[in-house]
Amino acid sequence: MNIAIIPMNDIDADVGYIVHEEMIEFGEITNIQVEGQVYLVVGVKKEQITLENIRFLGGKIRKEVQKYALYTNATIMFEALHSYCSDFQEDEVVTAFVEGWHLGGYEFLSYKKEATKTAPILHFELKKYGAAARKGELRATAVGVARDFCNEPANKLTPAIYADKLKRLFHETNVDVEIIDTDQLIQRGFEPTAIVGAGSKYPPKVVILTLKNKDTKHIAFVGKGITFDSGGTNVKTGSDIGEMKMDMGGSAAVVGAMKLLADSDSPVYVTAILPLATNVAGKDSYLPSDVITYRNGMTVEIGNTDAEGRLVLADGILYAQEIGAETIIDIATLTGTIGQALGLKTAGIFSNHEENLWAYKKLGEQIGDYVWPMPTTLDYQTYIASHTADVNNMSTSPFGGAITAAVFLQNFVEKDKKWIHIDMANTVRPWKVEGYYVTGASGFGVRLLAEIVHSENK
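Because the structure is predicted, anything quoted here is derived from the model rather than measured.

Each value, and the rule that gives it
Residues numbered from 1 in each chain as written. Predicted model: local features only at pLDDT ≥ 70, side-chain atom pairs only at ≥ 80, totals over all residues. Heavy atoms only, no water. Helix = DSSP H or I, 4+ residues; strand = E, 2+ residues; numbered from the N terminus. Contact = heavy atoms within 4.5 Å. Core = buried A, V, L, I, M, F, W, Y, C linked by side-chain atoms within 4.5 Å. Buried < 20%, exposed > 50% of the residue type's maximum accessible area, 1.4 Å probe, protein only. Salt bridge = Lys/Arg side-chain N within 4 Å of Asp/Glu carboxyl O. 1 Å grid on protein atoms, 1.4 Å probe; cavity = no way out; pocket = protein on both sides within 12 Å on 5 of 7 lines; lining within 4 Å. Points joined across faces, edges and corners; volume = space filled by probe spheres on them. Nonpolar A, V, L, I, M, F, W, Y, C, P; charged D, E, K, R; others polar. Pairing = 2+ DSSP bridges. Axes fitted to C-alpha atoms, helices over the stretch in contact; angles between N-to-C directions. Phe/Tyr/Trp six-rings, centres within 6.5 Å; stacked < 30°, edge-to-face > 60°.

Engineer: What is the right way to read the side chain of Gln321 from this model?
Structural biologist: Note on placement: Gln321 falls in helix 9 (residues 309-322). If sequence neighbours within four positions are ignored, Gln321 has contacts with Ile328, Phe412, Val413, Glu414 and Lys417.

The following block contains the structure:
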């Protein structure tokens, strides 16, 4: 059965049925049946509509249609929707709506015994809008990939399983996949990653993804891939740490971004470095007071084994510089304090080129991955000073934890390199399950990373 989606912001519209004021308020959805045809009247009355609002509508409408099994098809006249969003090109509106539509229909059902995905088909003028809709679908697919990885249980996404999944995901694409096995990590200079994962029965690995569609600026992603984080020897004391299966959310964002860039055939040169490890206590676990030596000779004293994310990110940052990346973007579920600073909707973004941060904030607003510029206050280096090594991985101050983590990482960045750091610990899950967000992982960072790459190549 078909349902027609009708955007509306005028109660006096001549549509053949009565329209009330509350029906046209933004986001309101009303089912109406007239002479056998079912209509979904969608309120779009708003002072200013953004592309994120359109994605929101796409997701909310999809969820509404899925409530009723008899609605197997839905039609929409994009011209009508665009008439209420004239600040944007028609193609932009179509892309945003389709992106929201597909993301709103996302379900993680891998471990449900009896589960079927309901997928109503969205019909529109294919010849006119097909390319724009395809762009929205590619974005949603890439975000869905990140959601899938984050939603996997820890025992179903060990470093080895993760690496194998990446090999299969990018099979027959332009992305080259290199897996550095546990016994090669120290030889290849990834001793810190090997040490972080040494306590687990699931051996650590590093995966390198390379996409070179054009000989242009070499950009590197570094994504934290801690497949479960119990805190290691400094074990977490929370009553429910099950969500620590998502401590690889940064790596998932990187994987999704690589898929989006590859599927879009973007003219870019990007290398992604993914240190994969499980941070748990065991007979071979690293300990507080241990000293780790990095490939550049820098030494780090372990003040807390639950500050492991910055250890593996530093490992990836150094490798990115070794292979000649000009711009390095790291992303991680790094600190709980970023949520205390910014809440649950907006991630923190740092850089040694702070003049660019507001441009990244604007990019985030346009594509739905919100970030807020944060300072790298180098005076805070005093908080991570060590009497034993060059630096400590744990701050002596209870304040500004996200900043001191960023300052720690900047120690590993060469002065001539551009570095961007995104702390997404507070956004790996949706701040609110509404619009195109569903229960589980948010897929944060996929679109932002892809857009930053495009902006760096302009």
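Engineer: Would you mind going over the nonpolar core with me for this structure?
Structural biologist: Note on soluble globular proteins: their nonpolar side chains tend to be buried together. With 59 residues, the main nonpolar core has Phe221, Met258 and Ile422 as its most contacted residues. Here this core gets nine residues from one element, more than from any other, and that element is helix 8 (residues 249-263). Setting aside chain neighbours within four positions, we find Met258 in contact with Phe170, Val175, Leu209, Thr210, Leu211, Phe221, Val270 and Ala272. With 45 residues, the next largest nonpolar core counts Ile208, Val391, Ala406 and Val407 among its residues.

Engineer: When you look at the side chain of Thr271 in this model, what are you seeing that I'm missing?
Structural biologist: Considering the arrangement of structural elements, one finds Thr271 in strand 10 (residues 269-279). Beyond its immediate chain neighbours, meaning those up to four positions away, Thr271 contacts Ile208, Leu209, Thr210, His218, Ile219, Ala220, Phe221 and Ile323.

Engineer: Can you help me understand the pattern of salt bridges in this one?
Structural biologist: If the charged atoms of two oppositely charged side chains come close together, the side chains can form a pair. Under the defined criterion, the tally for this structure stands at 27 salt bridges. A salt bridge links Arg188 to Glu178, with the shortest nitrogen-to-oxygen separation between them at 2.9 Å. Within this pair, whereas Arg188 is found in the loop between helix 6 (182-185) and helix 7 (191-196), its partner Glu178 is found in strand 6 (residues 175-180), the two being separated by 10 residues in sequence. Judged by relative accessible area, Glu178 falls into the partly exposed class, the value being 27%. A salt bridge links Asp247 to Lys224; the shortest N-O distance between them is 3.0 Å. Of the two residues, Asp247 sits in the loop between strand 9 (225-229) and helix 8 while Lys224 sits in the loop between strand 8 (218-223) and strand 9, which places them 23 residues apart along the sequence. Considered together, Asp247 and Lys224 belong to a single accessibility category, that of buried residues. Three or more residues joined by partner-sharing salt bridges are found here, namely Glu52, Arg55, Glu99, Arg139, Asp369, Arg447 and Glu451.

Engineer: Whenever I open this one, the environment of Arg62 confuses me. Can you help?
Structural biologist: Of note, Arg62 is situated in helix 1 (residues 51-66). With relative accessibility at 6%, the residue Arg62 sits in the buried group. Filtering out sequence-adjacent residues up to four positions away, Arg62 remains in contact with Trp101, His102, Gly104, Gly105, Thr118, Ala119 and Pro120.

Engineer: Mind showing me how you'd approach the layout of surface pockets here?
Structural biologist: The gaps left among the atoms become clear once a water-sized probe is rolled over them. In this model, the largest pocket occupies a volume close to 730 Å³. What lines the largest pocket is a set of 32 residues, among which Leu334, Thr335, Gly336, Thr337 and Ala425 lie closest to the centre. Where the lining of the largest pocket is concerned, the elements lending two or more residues are helix 9 and helix 12 (401-410). Taken together, the residues of the lining of the largest pocket sort by class into 11 nonpolar, 12 polar and nine charged.

Engineer: Is there a simple way to explain empty space enclosed by the protein in this structure?
Structural biologist: The full count for this structure, using the stated rule, is one cavity of 30 Å³ or more. What the largest cavity holds in volume is close to 30 Å³. What lines the largest cavity is Ile5, Pro7, Val42, Val44, Leu57, Ile61, Ile76, Leu81 and Phe97. Elements with a minimum of two residues in the lining of the largest cavity: strand 1 (2-8) and helix 1. Across the lining of the largest cavity, the residue classes break down as nine nonpolar, no polar and no charged.

Engineer: Is there a simple way to explain the environment of Thr293 in this structure?
Structural biologist: Inspection of the secondary structure puts Thr293 in strand 11 (residues 291-293). In this view, Thr293 contacts Glu191, Pro192, Met298 and Thr299; residues no more than four positions away in its chain are not counted.

Engineer: What's the story with the sheet that holds strand 4 (residues 73-76) in this structure? I'm lost.
Structural biologist: Where strands meet in a sheet, backbone hydrogen bonds hold them as pairs that are either parallel or antiparallel. One open sheet holds the five strands; their spatial order is 2-3-1-4-5, and the pairing between them is mixed. The open sheet has two free edges, formed respectively by strand 2 (29-34) and strand 5 (121-123), since each of these has just one partner strand. Adjacent strand axes in the sheet meet at a mean angle of 30°, parallel and antiparallel pairs treated alike. Note: strand 1 against strand 4, four bridges, orientation parallel. Its bridge partner lying in strand 4, Ala4 is registered against Thr75. Of the strands in this sheet, strand 1, strand 2 and strand 3 (37-43) are in contact with helix 1, which crosses strand 3 at around 145°. Here helix 3 (residues 90-104) sits on the sheet and contacts strand 1, strand 4 and strand 5; the angle it forms with strand 5, its principal contact strand, is near 165°.

Engineer: How should the packing of aromatic side chains be read in this particular structure?
Structural biologist: A ring pair, where both rings are aromatic, is described by two values, the distance of the centres and the angle of the planes. One pass over the structure, following the stated rule, counts 13 aromatic pairs. An angle of 55° between the planes, with centres 5.5 Å apart, marks the rings of Phe78 and Phe124 as tilted. One end of the pair, Phe78, is in helix 2 (residues 78-83); the other, Phe124, is in the loop between strand 5 and helix 4 (126-151), and 46 residues separate them in sequence. Using a relative accessible area of 1% as the deciding quantity, one classes Phe78 as buried. Aromatic pair Trp358 and Trp372: ring centres 5.3 Å apart, planes at 85°, arrangement edge-to-face. Of this pair, Trp358 sits in helix 11 (residues 357-367) while Trp372 sits in strand 15 (residues 371-373); the two residues are 14 residues apart in sequence, bridging distant segments of the chain.

Engineer: Just checking my understanding: could you explain unusual backbone geometry for this structure?
Structural biologist: Where the residue is not glycine, phi is negative for most of them; where a peptide bond is considered, it is trans in most cases. Phi is positive for Glu172, close to 65°, though the residue is something other than glycine. Exposure remark for Glu172: the relative accessible area of 74% places this residue in the exposed category.

Engineer: Please explain the sheet that holds strand 16 (residues 391-392) as it appears in this structure.
Structural biologist: If you trace the three strands from one edge of the open sheet to the other, you get 11-12-16, paired in mixed fashion. Either end of the sheet is taken by a strand with one partner, and the two such strands are strand 11 and strand 16. Bridge count between strand 11 and strand 12 (residues 299-301): three bridges; the pairing is antiparallel. For Ile292, the partnering residue across the bridge sits in strand 12 and is Val300.

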